Structure formats: structure tokens, C-alpha cells
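Residue-level structural notes
Listed here are the chains, written in short residue letters.
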There are 2 protein chains.
Amino acid sequence: MTTYKSLEKQFKKLSNYEHLAAICGWDQAAMMPDGGNDARAHAMSELAVLCHETLTAPEMGQWITEAEANIASLSAEQQISLKEMKRVWQQATVLPSDLVEAKSIAGSKCEHEWRTQRKENDWDNFAVNLKEVVKLAREEAAIRAEQTGLSRYNAMLDLYEPGMTTEKLDVIFGDLKSWLPELTQQIIEKQSTVAVEDPAGPFPTEQQAELGKKLMGILGFDFNHGRLDVSMHPFCGGVPQDVRITTRYNEDDFTQAIMGVIHETGHARYEQGLPPSLHGSPAGEARSMGIHESQSLFFEMQLARSPEFVQHIAEFAKDTFGRESDKAFEVANINALYKRVQPGYIRVDADEVTYPAHVILRYEIERDLIEGVIEVDDIPGIWNQKMQEYLGISTEGNFTDGCMQDIHWTDGSFGYFPSYTLGAMYAAQFMAAMRKTVDVDACIQALDFAPISAWLEANVWSKGSTLTTDELVIQATGKALNPEYFKQHLIERYLNN
Amino acid sequence: MTTYKSLEKQFKKLSNYEHLAAICGWDQAAMMPDGGNDARAHAMSELAVLCHETLTAPEMGQWITEAEANIASLSAEQQISLKEMKRVWQQATVLPSDLVEAKSIAGSKCEHEWRTQRKENDWDNFAVNLKEVVKLAREEAAIRAEQTGLSRYNAMLDLYEPGMTTEKLDVIFGDLKSWLPELTQQIIEKQSTVAVEDPAGPFPTEQQAELGKKLMGILGFDFNHGRLDVSMHPFCGGVPQDVRITTRYNEDDFTQAIMGVIHETGHARYEQGLPPSLHGSPAGEARSMGIHESQSLFFEMQLARSPEFVQHIAEFAKDTFGRESDKAFEVANINALYKRVQPGYIRVDADEVTYPAHVILRYEIERDLIEGVIEVDDIPGIWNQKMQEYLGISTEGNFTDGCMQDIHWTDGSFGYFPSYTLGAMYAAQFMAAMRKTVDVDACIQALDFAPISAWLEANVWSKGSTLTTDELVIQATGKALNPEYFKQHLIERYLNN
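Residues numbered from 1 in each chain as written. Chains lettered and ligands numbered in written order. Predicted model: local features only at pLDDT ≥ 70, side-chain atom pairs only at ≥ 80, totals over all residues. Heavy atoms only, no water.

Threshold: UniProt positions are given in the numbering used here, feature names are shortened, and annotations may be inferred rather than shown by experiment.
Looking up chain A in an unreviewed UniProt entry gives the name Metal-dependent carboxypeptidase, with the organism given as Grimontia sedimenti. Here is the UniProt Catalytic activity (unreviewed entry) comment for chain A, exactly as written: "Release of a C-terminal amino acid with broad specificity, except for -Pro." For the record of chain A, the UniProt heading Function (unreviewed entry) holds the text "Broad specificity carboxypetidase that releases amino acids sequentially from the C-terminus, including neutral, aromatic, polar and basic residues."

Written out as C-alpha cells, the structure reads:
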């Protein structure tokens, strides 16, 4: 067996183990009774150790070196695969095991206590734990920086969004910051005269699920390779051949669950559309967190919140819940409801227009934190100042709804936040490019998503990780990421209509 | 670390891997969409290899030898654990890997083609595959016999029912054969004047599930450590901390699913009641297939088909399906329905009275087949002759409903069948012993299962595999297995009432 074949075999083994982790993780969130949690945690942790051992097996370094030495004997696709294998392997092997363990312990403690501390607005005690997490994250960043030649924060960013850097982000986010606050104000003023009525429940869970599945089917979700279930925190899990998405139902409000299902359907179609010939190989995986989010936001923001699609939602919902004569179900009202813009404290509740402010704020803080420019004690003050600057809201003394609202930093996932807004911008840019060859509005009106899927499959899904993010975006749209498309999308949807 | 601790750790690791296999196996049967099957099969097979490697790791033999040499330093419980560890390890290591692989290939082929061949009544082609399976099973039996000092068939029996031998079975089953055919005739004659009416459906699945869960709750199933779902072939899976049982609903007949749920609840309570201090160790597992079946049959046959319990079922069912004035729901009719005795071709459809004949017939054939007394070509003739002798039914030329009806032999699971009838006899013997200290009928009438559970927990569940089957039965009932209790149970239920 060539060393390349040995690598392929080892990654296939890893992928089989990760399959088990994905299904058991889904089960834990969607099916498992509470009493099963301790035993499950042990089994999952044993599996995590096994996955790490498989990826960092002693022979791997040698195999990679030898495969690289014989790279001329590999096909173009194999050469790309080898590059991705090496990237994944390097990321896994570079940290000394005592740092991995210290990170895991500090992260678990910080996250666990945060669940209570957040409710109690207890910044002081949270800060004690967070300082330990940040200290270890800086050690991690320093090691990753040395390995990659990137700056410390860039080395962290590279884990989630390979190829992205603060240099690029500062330009892109700087652009957003230059026009978004004013645009937001204009939209809010324009909407101030629009009356919106919330449909009155109850909306039985079964009927919401039925409507959700109907929309998933229309949007091309392959139920032969996936399912929809319920969990506390919605997610997209499973494996490409069997994608498990979840949602959460509120019997007083069907609009959130429905849009949540569509969002996860975007993630799911990306997974279902990854290239089968590369299943089980790093090159066959989703490109990055930002590209993944671009697909969920393409489905949610670009397709489903368009007036053409909202009209279908309003009609289906009327049917499903038997509200033919309910004024709250009129298209104009449902449309206004799905377009409502309002600055708020909480990122996960934010609309499409104010969301980037939440992300940019976090990006600027975590970047400076990892680079050592600011310290944990500085966070609440900067948070408050930036919230006032970007959204006109004060979080003075309100840690619960301020800098303690997210889980990401508690376990050291610094570098993740930018993916959300990168995804929104990629989605807008993909849509602009797609419109050159696909009559998107007509497709939506006719509920014919085949041409839209075909474009996404050809340009995004089938690429897996065989292109860099930049290559993928340029090949698909003709240009590198440009926030202008997102700006035009917001102006078109929220000011011109 | 002592070598005993190393063994404990290794078995704990194995148990964690088996946890993942149990949950993913359950998912495959109860949740997975069809399109996920290929990827799942690969992942499960990778995990099976891993489990085998974990159990047969090169250090294990040395650890066991050293732990045995220092046995005086172990507690009584540890000494028992060590014995069980060794037993499990020996069974796993004794077969050469080329035989394991040949068995797996021959078994897969035979089982796969059997699914079509059975439908087509195609014995000739099935026999070709079965001969290969039997050839390999005889090789396996010979190796196991040499290792254990048992006869060939006994060595196979030992995999499912440790300690059981043909010498004991021939006595026990010989006893059954001496009175069961005549008793069956008497019962059929007695029932010939009883008119039974099948309740007329439809019985919606949701209502059947609701009734099933209600009965599970009454029978002490712990929903914090388990769930009920649907699968094509009902089973009890998962892990002791999270037991997954399944059933199958027929909207025309609620009586089967309900009794199926109660049967699996018996398996589930055994698993849920295994000793927590021994979770993850071979000594903490269920004792044998026969004892497992004794618990499902205790719940189904001893408890749930008693007239006292059937009265509750009739009343709950009336409520659930809104059939207050339906004559088919009267207690006498439901009781007659659940007591109906009728010889038939199919083992899995057989009633409590005729079931042992199906098992004894299979036992006698597989024993002689493994010992080399008969050949595959002899099976149809012997099957037909014994069916006529034991049940008065001819299977001449009917292989589909004769010797091709079961899956067990297709993959070489020779030695499994006796467990079913051993379970029925253990259950009757447990009930007779329980009645000495528990007023079982009063408990059932009052739907107070705590005293019954307490007895089973103390005498069966909490023992795990710390006793041999003989020790367990003798400690629980004062006697070794004796078919007399089963006989008395049948006479009492079917002739005296």
C-alpha cells in the first residue's frame, strides 16, 4: 500500500468514528432521556479520545512526509486531498497534550459555572474563570501562530475560516461599519409607520412540524438521507448520507420554528450535496464555518424571507392552521413580521440588519484579547461602549444580556464569531451571481427550486474542501468577497420595498 | 496500576464502545432513513472491529494470567469479575481470524440470499449456503470444544447459556416431551367450545402507543432511563442507563403490540436493574439469554396474561379506544383471546403452550447437526417428522413455513434456540418461588408492582453475572431448574380455569 493509501484508509476510519459521534451526539440532544447522560458523556468522551488518537497516530507524520515526497504520482484530486489531510492533522497534533487537557478542564468549568453566573449577572466570578480560559487560548494561539506563521488571532481564525485574516476582516467589517449604523436608522424610521400584528396561537406542534416538513421537501431536503426532530438548541448534525436537523417549537409563535427549519435545511442541503466520491476524506467536507453559514443564510435570508417566498409561507400557514380569515395571516402582515428590524441586546434574536453589529463587536474584542491588546477586565466597558456606538443601546451593568450572553468564549472558541457575518455576505454575493443565470424570483414564485439547487450544487456543495474559500467564491461569483452585495441586498429589501 | 485495574479499564473502554454500538444500532432500526444504511453499515463494522481489537488486545492474556496469579489480593467481587472477564476474553480470542472472517462472509451471504430464498420456498439453493455455514460452525465448535473441554454442541450452547449442556437439556426437554403433546390436546379440546371475537379496528397507532406507555409505567419501566419507539422487528437495546425498547403497531389489532411492549418491558427492567456498581464490567451484564428471556416471559406470560392483569388491559383498552359498549372488549373475551392455543407452523406466532415444541425440534436438529450425527440434507425430513410428532402438522415440501422460517441458523447462531424455552421454565419457577412471600394476585389486582419488582431485583436483576445460572436459580427458588413449575403453570392457567 502506498503511504497515500494508508492516509486515505486512516481518514476513512476516522470518518467512521465521527459518524458514530455525530449520531450519538444527535441522539443525546434529540432523543436521550436525561438519566442516560452520565453514561453517554463517558462513551462520547472515550470516542473523542479515540478520534484524536486516530488522527494523531504515530505513523501519520511519516505517511504525510512520504506522500508529499511522491506527490507527482498523485492525481490532482489526491494532491488536494493530501493538502487538506495535512492541514487537519497539523491542527490536531500541534498542541501538547497537557495544554489540550488544561483547556478542556478550564473550558468545562467556565461553561458549567457560566450557566448559573449568567442568570445571576455575576461578571466578577465569571471573569475569574474566563481569565484562565483566555490565558490558555493565548498559549494555544501562540503555538498555532508559530506553526502557521500567522498572527495569533489569525491562527485561531484559521481553525474555523481557513485563509481569513484580521487584515481582510478589518477592511470588510470596516466597510460595513461605515454604512450599516446609518442604514439601520433609515430602515427603522421607514418601518416606524408600519403596524405589525403577531398571529395569535396556539399553533399545535404537530401542525408546525407538518408545515416545516412540507417546506423542507419543497426546498429539496432529501428525506431518504435525513430527518427533522426536536431539540432545545436547533442544529444540523449527522453525516452527509444521513443529515439530522432539529428545531424547537413554541405553540404561541409558529414563525420562528418555520424559519429555523428553513435555516437548518440550508445547512443540510450543503451536507447532502457534498461530493460522494470524497465522503470520508477531509477534502470532501464542508469548506468552512462561514461557507456553511452562507448556505443556511442563503436559504433563510435570501430565499425564504423574500416577499415571493413569504407569500407561500403565509398561504401554507393559513391552510395548515385553518386561519383563512385571520388578518394576521395576510401576506403583507407576515412579510412585515419577517422584515421587522429592531436593535436589541441579544445576538441570536437579532434581525438580518442589526446582526452584523453584534458580530463585529465580538470580533474586535476577541481579536484584541487574543493579541494581548486588552484584558478580560476590559471587556464589559468595551462591550458597552461599542453597543452604544453600533446599536445605540447601553449594557452598563447588564452582563447577562451583554458580554455574558454567548457560550462561545466559555470554552475558548475564539475566532468563530466572524463566520456568522461572513456567511451573510457570502450568501448575498452568491445570490447576486446566481441571478445572472437563474430567474430566482420566478423560481420562488413557481416553487421550482431545481435551478437554484443546481447552481448551489455546482458552485458550492460539490466543491467540498477542494478549493480554498477565496477560490470557491471567486469561481462562483467572479470576485473575492465584497460587502457591497450584502449592502445592496439590505437596501433593496428594507428601503426600496 | 495492578493488572486487575488494567483489565477493568480495558473492559470499561470496551463497554463505552459497545454503548455507541447499541445506540447507533437502535437508531439504525428505529430512526435512520433508508438512504443512510450504507454509511452506517461501514461505521458499525469499523466499530465491531474496534470492539474485537479492544477485547483481544495483545496485553490481555498477560494481564489475566498475572491477575489470576495474584488472586488472593482481590476482593470476592473482583474475583468473580475476573472469572467473567476471562470467559468473555477466551470466547473472543479462541477463533483464528481467518475462521472469523470466513464465518462472517458465509453468514452474510446465507442470510442475505435466505431473504429471497425463503419467499420462493427454495430449499435447494438455501442448502448450498447453509452447508458452508454449518461446515464453519462445526470448525468453530471443534475449536471451542477443545478450549473448554465440552462437547462440540455444548461449547456452542455455552456462548448463550453458560453452564447449560445437552445432558441437562435432554432430561429437561425429555420431560416436557413426555406430557406436553397430550396437555396441548386437552387444552385445545377444552377451548373448542369457547367463542372468541377479535376486536375490530382501526386502533390508531398514537392510542396504542399511549396505552403501551401507560402499561410500561405501571410495570415500573423507568422513562428517565429509557424510551419506547417503533421498529420492524421489536427488540430491547441501548444500555442499562438508557434502555431502548421498540414495538410494531398494527392498526387492525392492538392486542399484539400491547403484549409485545410488555414483553420488551421485562427485558428492559432486567437491564435497568443490573447492578450499577458493575456497569461496564462483564460481571455486571445480564447472566444469559435464557435468564433474559425469563424476565420478558415473566412480564408477558406470568404477569400480563394472568386473568387479573388481563382485566386491567381490557378496561384500559376500552377507555383508550372509546369502546365502553363493545362486546369484544369484555374481560372474558380479551382473556380468551390472550389464552388461545393453536398448533401452527410459525415459532414466533406460537402461543405459550405450543412454543416449546418449536424449540425442542430445533434444538434436536441443531445438536445433531453440530455433533455430526445428521447433515444439512437431512433437515427437511426430520423437521417434517418432528412437526407431525410434536404438533400434528405436516411441513412436507413447505420449506418457507418449515425449516427456512428462522434467521438464527443463517449466520451460524447454533445453540441459541433452547434459551426461549429455558426462559419460559425459569419464569414459571421464579413465579412459584415469589408466591411464597408475595401475594402476587393481590399485587396485580391493585396494580402495585413494587413487591414483585423488589423480588426480581433482589433475586435476578441485581445479580448481574456474579452467579452462575444454576447458582442464581437455586438461590432464588431453592432448587435447580425443574420443568414441573412450567407444567403446573400451564395446567393451572389453561385447564383448571
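1. Side note on the overall build of chain A
What counts, and what does not: Helix and strand assignments come from DSSP, with helices taken as H or I runs of at least 4 residues and strands as E runs of at least 2, each series counted from the N terminus. Radius of gyration: over C-alpha atoms. The globule rule applied is 2.2 Å multiplied by the number of residues raised to the 0.38 power. Note on exposure labels: buried denotes an accessible area under 20% of the residue type's maximum, exposed denotes more than 50%, and partly exposed covers the range between, all computed with a 1.4 Å probe on protein chains only. Whether two residues touch is decided by their heavy atoms; if any such pair falls within 4.5 Å, the residues are in contact. Each accessible area value is a Shrake-Rupley result obtained with a 1.4 Å probe; residue values ignore everything except the protein chains displayed when judging cover.
Per the secondary structure count, chain A includes 20 helices and three strands. Scaling as 2.2 N^0.38, a compact globule of 497 residues should have a C-alpha radius of gyration of about 23 Å, and chain A matches this with 23 Å. Referenced to the eigenvectors of the C-alpha coordinate spread, the extents of chain A come out at roughly 70 × 50 × 50 Å. By residue count, 57% of the 497 residues in chain A fall in the buried class. Long-range contacts, defined here as pairs at least 24 residues apart, represent 73% of the contacts in chain A between residues at least 6 apart. When the accessible surface of chain A is totalled, it reaches about 20400 Å², and 50% of it is carbon and sulfur.

2. Observations concerning helix H4 (residues 76-93) of chain B
Residue and element names in this part refer to chain B. What counts here: Multiplying 1.5 Å by the residue count of a helix minus one yields the expected span of that helix.
Here H4 spans 26 Å end to end across 18 residues, near enough to the 26 Å set by a 1.5 Å rise per residue. Looking only at H4, the buried set comprises Ser81, Leu82, Glu84, Met85, Trp89, Gln91 and Ala92. Here the buried face of H4 lies against helix H1 (3-30), helix H2 (37-55), helix H3 (59-69), helix H6 (123-148) and helix H7 (152-160).

3. Focus: the domain arrangement of chain A
One frequent convention defines the size of an interface as the accessible area lost when the parts assemble. Residues and elements named next belong to chain A. This is how it is decided: Delimitation of the domains relies on an automatic or database domain assignment. The term salt bridge refers to a side-chain nitrogen of Lys or Arg lying within 4 Å of a carboxyl oxygen of Asp or Glu. Whenever two N or O atoms come within 3.5 Å, that pair is a polar contact, provided that in protein one can donate a hydrogen and the other can accept it, and provided that, for residues adjacent in sequence, both atoms are side-chain atoms.
Taken as a whole, chain A is organised into domain 1 (1-93) and domain 2 (163-497). Inter-centroid distance (C-alpha atoms) of domain 1 to domain 2 is 29 Å. The partner domain 2 presents 22 residues to the 19 residues of domain 1 that form the contact. Inspection of the region where domain 1 meets domain 2 yields one salt bridge. Linking Arg287 and Glu84 is a salt bridge whose minimum nitrogen-to-oxygen distance equals 3.2 Å. The interface formed by domain 1 and domain 2 holds one residue pair in polar contact (both at pLDDT 80 or more) in total. The set of elements that each furnish at least two residues to the side of domain 1 that touches domain 2 consists of helix H1 (3-30) and helix H4 (76-93). If you tally residues by element for the side of domain 1 that touches domain 2, the top one is H1, at ten residues.

4. Re the sheet that holds strand S2 (residues 236-239) of chain A
Residue and element names in this part refer to chain A. The criterion, for reference: Whether two strands pair comes down to DSSP finding at least two bridges between them. With axes taken as lines fitted to C-alpha atoms, and helix axes fitted only over the stretch in contact, angles between N-to-C directions fall between 0 and 180 degrees.
Ordered by their spatial adjacency, three strands build an open sheet running S1-S3-S2, and the pairing between neighbours is mixed. Only two strands of the sheet have a single neighbouring strand rather than two, namely strand S1 (226-230) and S2. Along the sheet, successive strands turn relative to each other by an average axial angle of 20°, direction set aside.

5. Digging into the UniProt feature "active site" (unreviewed entry) in chain A
Residue and element names in this part refer to chain A. As annotated in UniProt, the feature "active site" (unreviewed entry) corresponds to Glu264 in the numbering used here. Relative to the helices and strands, Glu264 resides in helix H10 (residues 254-272). On the basis of relative accessible area, Glu264 is assigned to the buried category, the value being 8%. The contacts of Glu264, once residues within four sequence positions are left out, are Pro234, Phe235, Cys236, Ile245 and Thr246.

6. Considerations on the packing of aromatic side chains
So the rule is basically this: When two rings of Phe, Tyr or Trp (its six-membered ring) have centres within 6.5 Å they constitute a pair, described as stacked for plane angles under 30 degrees, edge-to-face for angles over 60, and tilted for the intermediate range. Our definition puts a charge over a ring when NZ of Lys or CZ of Arg is within 6 Å of the ring centre and also within 35 degrees of the ring normal.
Considering all chains together, one arrives at 40 aromatic pairs over all chains under this definition. Summarising the aromatic geometry, the rings of Phe417(B) and Tyr420(B) are spaced 6.4 Å apart at their centres and angled 45° between planes, so their arrangement reads as tilted. Taken together, the ring pairs in this structure connect Tyr160(A), Tyr355(A), Trp383(A), Trp409(A), Phe414(A), Tyr416(A), Phe417(A) and Tyr420(A) into an aromatic cluster. Note that Arg362(A) overlies the ring of Phe417(A), its terminal NZ or CZ placed 5.5 Å from the centroid. Taking NZ or CZ as reference, Arg347(B) lies 4.8 Å from the ring centre of Tyr420(B), over its face.

7. What about the side chain of Gln10(A)?
Residues and elements named next belong to chain A. With respect to the helices and strands, the residue Gln10 is situated in helix H1. For Gln10, a relative accessible area of 13% puts it in the buried group. Every residue in contact with Gln10, bar those within four places of it in the chain, is listed here: Thr54, Ala57, Met60 and Trp63.

8. Re the interface of chain B and chain A
Cut-off, in case you're wondering: Throughout, the accessible surface (probe 1.4 Å) given up by two parts as they are put together, summed over both, is called the buried area. Polarity classes work like this: nonpolar for Ala, Val, Leu, Ile, Met, Phe, Trp, Tyr, Cys and Pro, charged for Asp, Glu, Lys and Arg, and polar for all others, with Gly in that last group.
Contacts between the two partners involve 31 residues from chain B and, on the opposite side, 31 residues from chain A. Buried surface at the junction of chain B and chain A, both sides included, amounts to about 2700 Å², of which 61% is carbon and sulfur. Broken down residue by residue, the surface that chain B buries against chain A is led by Leu20(B), Pro33(B) and Glu46(B), which jointly contribute 20%. Put simply, chain B and chain A have four salt bridges between them. The residue Arg244(A) makes a salt bridge to Asp27(B) at a minimum N-O spacing of 2.8 Å. At the boundary of chain B and chain A, one finds 15 residue pairs in polar contact (both at pLDDT 80 or more). Of all the elements, H1(B) adds the most residues to the side of chain B that touches chain A, at ten residues. Here the residues of the side of chain B that touches chain A sort into 13 nonpolar, nine polar and nine charged.

9. Things to note about the UniProt feature "binding site: Zn(2+)" (unreviewed entry) in chain A
Residues and elements named next belong to chain A. Feature annotation in UniProt places "binding site: Zn(2+)" (unreviewed entry) on His263, His267 and Glu293, given in this structure's numbering. Across 31 residues, the annotated set stays spatially compact, with a maximum C-alpha separation of 8.9 Å. Structurally, His267 can be placed in helix H10. When its relative accessible area of 11% is taken as the criterion, His267 is described as buried. Dropping the residues within four chain positions of it, His267 is found in contact with Cys236, His292, Glu293 and Ser296.

10. Concerning unusual backbone geometry
Negative phi characterises most residues that are not glycine, and trans characterises most peptide bonds. Backbone torsion omega between Gly201(A) and Pro202(A) reads 5°, so that peptide bond is classified as cis. The residue Pro202(A) is located in the loop between helix H8 (166-191) and helix H9 (205-218) in this model. Phi angles above zero are rare outside glycine, and Leu447(B) is one such case at about 50°. By secondary structure assignment, the location of Leu447(B) is in the loop between helix H17 (440-445) and helix H18 (450-459). On the basis of relative accessible area, Leu447(B) is assigned to the partly exposed category, the value being 26%.

11. Description of helix H8 (residues 166-191) of chain B
Residues and elements named next belong to chain B. Threshold: Bend is the name given here to the angle between axes fitted to two runs of seven residues, the run ending at a residue and the run starting at it.
In this model H8 runs 35 Å from its N-terminal to its C-terminal C-alpha over 26 residues, within 8% of the 38 Å that 1.5 Å per residue would give. Leu180 marks the point of greatest bend in H8, at about 35°, and the proline Pro181 comes within the next four residues. Inspection of H8 places Thr166, Leu169, Ile172, Phe173, Leu176, Trp179, Leu180, Leu183, Thr184, Ile187 and Gln191 among the buried residues, and these make up the whole buried set. Buried residues belonging to H8 abut H7, helix H13 (331-339), helix H14 (355-370), helix H16 (418-434) and helix H20 (484-495).

12. Let's talk about the sheet that holds strand S2 (residues 236-239) of chain B
Residue and element names in this part refer to chain B. The strand order across the open sheet built from three strands is S1-S3-S2, with neighbouring strands paired in mixed fashion. At either end of the open sheet lies a strand with only one pairing partner, and these are strand S1 (226-230) and S2. The average undirected angle you get between the axes of adjacent strands in this sheet is 20°.

13. As for the relation of the copies chain B and chain A
Note the following rule: Superposing the copies works by least squares over the C-alpha atoms of residues that have pLDDT at least 70 in both of them.
Rotating chain B by 180° and moving it 0.0 Å along the rotation axis overlays it on chain A with an RMSD of 0.0 Å. Both chain copies can therefore be described as sitting about a two-fold axis. Of all interface residues in chain B, 100% are interface residues in chain A too; the two copies therefore contact each other through one and the same surface.

14. Observations concerning the environment of Asn70(A)
All names here are of chain A. Position of Asn70 relative to the elements: it lies in the loop between helix H3 (59-69) and H4. Residue classification places Asn70 among the partly exposed positions, given a relative accessible area of 46%. Considering only alpha carbons, one finds Asn70 and Thr2, 68 residues apart in sequence, at a separation of 9.7 Å.

15. Quick look at the packing of H1(A) against H3(A)
Residues and elements named next belong to chain A. Quick note on the threshold: Working definition: roughly parallel below 35 degrees, roughly antiparallel above 145 degrees, roughly perpendicular at 65 to 115 degrees, and oblique for all remaining angles. For a crossing to be left-handed, the near helix must be turned anticlockwise from the far one by less than a right angle; the clockwise case is right-handed.
Where H1 contacts H3, the two axes come as close as 8 Å, and the packing angle between them is 135°. As judged from the angle between their axes, H1 and H3 are oblique. As H1 packs across H3, the resulting crossing turns out to be left-handed. Where H1 abuts H3, its residues Thr3, Tyr4, Ser6, Leu7, Gln10 and Phe11 lie against Met60, Trp63, Ile64, Glu66 and Ala67. For the contact of H1 with H3, a count of residues per class yields seven nonpolar, three polar and one charged.

16. Side note on the state of the cysteines
Put simply, the rule reads: Count a disulfide wherever a pair of cysteine sulfur atoms falls within 2.5 Å.
Tallying each qualifying case throughout the model produces zero disulfides over all chains. Between Cys24(A), a cysteine without a disulfide, and Cys24(B), which holds the nearest cysteine sulfur, the sulfur-to-sulfur distance is 3.7 Å. With no disulfide of its own, Cys51(A) lies closest to Cys24(A) among cysteine sulfurs, the gap being 11 Å. A relative accessible area of 13% means that Cys51(A) is categorised as buried.

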